[in-house]
Amino acid sequence: MNCLRRCWAEIDLSAVKYNIEQYRTCLKGGTELLCVVKANCYGHSDKLVVPYLEQLGVKWFAVSNLIEAEHLRALGVDGEIIILGYSPEENADDLIKYNIIQACTEYSYAQKLNENAKTGKVRLHIAIDTGMTRIGLHSGTKADADEIQKIAALENVQVEGMFTHYAVADCADDESCAYTAFQTEKILAVDEELKKRGVALSCVHFLNSAGGIYHSNEKSTLARLGIILYGLYPDPSNPLPFEPKPVMTLKAVISQVKYIEAGTSVGYGRTFTADKRIKLATITAGYADGFPRALSNKGEIIIKGTRCKIVGRICMDQFMCDVSALDNVQAGDVATLFGSDITADDIAKLTGTIGYEIVCGIAERVPRVESRK
Ligand SMILES: *Cc1c(COP(=O)(O)O)cnc(C)c1O
């Protein structure tokens, strides 16, 4: 069955290519690209995007968990895959089987993986908590180096790298920039200490999307490119040296068009009442598709190039908008809910969140369709 003409997300692979090419020009020295493809490529479909990234020569990928990692292997990915989040220790042999690198938070976790691994060595990148206060070693340069050496001495693990994650790399103010510099110094100090002790890690990485732009550093072996890959801003109030192209365009069709008279209320709760005769269109998408209910009576969508106001509450599967400005609009016409004119970042601003959450929130029931413009 092909049931595409209700609500769907177009995934523009040429935008992926553009964003990567532009981002690469911002990296210094030998910093290599790692594409963060967790959460189904931030909602963009790993099935569509990841094989294309491999075609573009990307060798490193990061996901959040083992299910995502296995899925990439099932898609035929043969690049390196890092799990940035947690894997239960009982899955140690799955990490080995699929040749996945696991983020390691502390010695006791490495010990558990070590005990559970029966079929080989679990590959590890050690997380260093330099100021995000989320995961990783956090006891200072010497103690962290001690802990890494203790982990490296375990028989069934292999320490290949370490990484840290910035808390405010996307912010432009002086205090945030100083904090990011401080985080960088901390991980590099651990690296120096290890080198002094004759331990060399092949991979030390600390740049996220924003880091690679505003704090590019050749000492980071990898730049972990996430949000900019998908054409959105780490922080829309902070400009980028290039304008990223949004990869996802969310579309839906109009199921009905009608005139309503002044005094007619629209939708649940009767939160909108027409003050004059208007032309109303019903759109076949709702919050169950991931189109935020917080856009009720707030947002706009684009029909035939014209911005149309959302009126009334967004329902689970449908919502209404004012199409009075359009002469020739009818059932079956296509509406653009967001994309490059109204972006996911714009919608995020209206709904008090970030673009990341908008695209990640597009529901599984929305088909993702490849497009190359
Ligand atoms: C998600 C994530 C990234 C990517 O962040 P963006 O802001 O999307 O670039 C990088 N590193 C880690 C550890 C992450 O969890």
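Provided above is the structure to which this section pertains.
Because the structure is a prediction, the values reported are computed rather than measured.

Draft legend 1. Representation of empty space enclosed by the protein within the structure. Counted under the stated rule, the structure contains one cavity of 30 Å³ or more. Taken as a whole, the largest cavity holds about 30 Å³ of empty space. Lining the largest cavity are His-44, Tyr-230, Leu-232, Pro-246, Val-247, Met-248, Phe-338, Gly-339, Ala-344 and Val-359. Broken down by class, the residue content of the lining of the largest cavity amounts to eight nonpolar, two polar and no charged.

Draft legend 2. Inspection of the sheet that holds strand β9 (residues 222–225) at higher detail. One open sheet holds the eight strands; their spatial order is β8-β7-β6-β5-β4-β3-β2-β9, and the pairing between them is parallel. Where the open sheet ends on each side, the last strands, each with one partner, are β8 (203–205) and β9. Ignoring which end each strand starts from, the neighbouring axes of this sheet average 30 degrees apart. Relative to strand β6 (residues 122–127), strand β5 (residues 101–104) is paired through four bridges, and the arrangement is parallel. Looking at β6, one finds that Cys-104 is bridged to Ile-126. Contacts from helix α7 (residues 141–152) reach β5, β6 and β7 (157–163), with the element oriented near 150 degrees to β7.

Draft legend 3. Up close: the pattern of salt bridges. Taken as a whole and judged by the stated rule, the model has 16 salt bridges. In this structure, Lys-251 and Glu-10 form a salt bridge, with 3.2 Å as the shortest nitrogen-oxygen distance. In this pair, Lys-251 sits in strand β10 (residues 248–260) while Glu-10 sits in strand β1 (residues 7–12), placing the two residues 241 residues apart along the sequence. A single burial state applies to Lys-251 and to Glu-10, both of which are buried.

Draft legend 4. Expanded view of the layout of surface pockets. Approximately 690 Å³ is the volume attributed to the largest pocket. If you go around the largest pocket, you meet 31 residues; those closest to its centre are Lys-38, Met-132, Arg-134, His-165 and Asn-208. Elements with a minimum of two residues in the lining of the largest pocket: α2 (38–42), α9 (209–214) and α11 (355–360). When its residues are assigned to classes, the lining of the largest pocket shows 18 nonpolar, eight polar and five charged.

Draft legend 5. Layout of the pairing of strand β17 (residues 334–338). The sheet contact formed by β10 and β17 spans four bridges and is antiparallel. For Ala-252, the partnering residue across the bridge sits in β17 and is Ala-335.

Draft legend 6. Quick look at the site of the ligand. Near the ligand you find Val-36, Lys-38, Tyr-42, Leu-84, Arg-134, His-165, Asn-208, Ser-209, Arg-224, Gly-226, Ile-227 and Tyr-356, and these make up its full shell. Within the side chain of Tyr-42, a nitrogen or oxygen atom sits 2.6 Å from an oxygen atom of the ligand. The side chain of Arg-224 places a nitrogen or oxygen atom 2.8 Å from a nitrogen atom of the ligand. In isolation the ligand has 390 Å² of accessible area, and contact with the protein removes 91% of it.

Quick notes on the rules
- Residues numbered from 1 in each chain as written.
- Predicted model: local features only at pLDDT ≥ 70, side-chain atom pairs only at ≥ 80, totals over all residues.
- Heavy atoms only, no water.
- 1 Å grid on protein atoms, 1.4 Å probe; cavity = no way out; pocket = protein on both sides within 12 Å on 5 of 7 lines; lining within 4 Å.
- Points joined across faces, edges and corners; volume = space filled by probe spheres on them.
- Nonpolar A, V, L, I, M, F, W, Y, C, P; charged D, E, K, R; others polar.
- Pairing = 2+ DSSP bridges.
- Helix = DSSP H or I, 4+ residues; strand = E, 2+ residues; numbered from the N terminus.
- Axes fitted to C-alpha atoms, helices over the stretch in contact; angles between N-to-C directions.
- Contact = heavy atoms within 4.5 Å.
- Salt bridge = Lys/Arg side-chain N within 4 Å of Asp/Glu carboxyl O.
- Buried < 20%, exposed > 50% of the residue type's maximum accessible area, 1.4 Å probe, protein only.
- Near = heavy atom within 4 Å.
- Polar contact = N/O pair within 3.5 Å; in protein donor to acceptor, adjacent residues only side chain to side chain.
- Areas by Shrake-Rupley, 256 points an atom, 1.4 Å probe, with all protein chains shown as cover.

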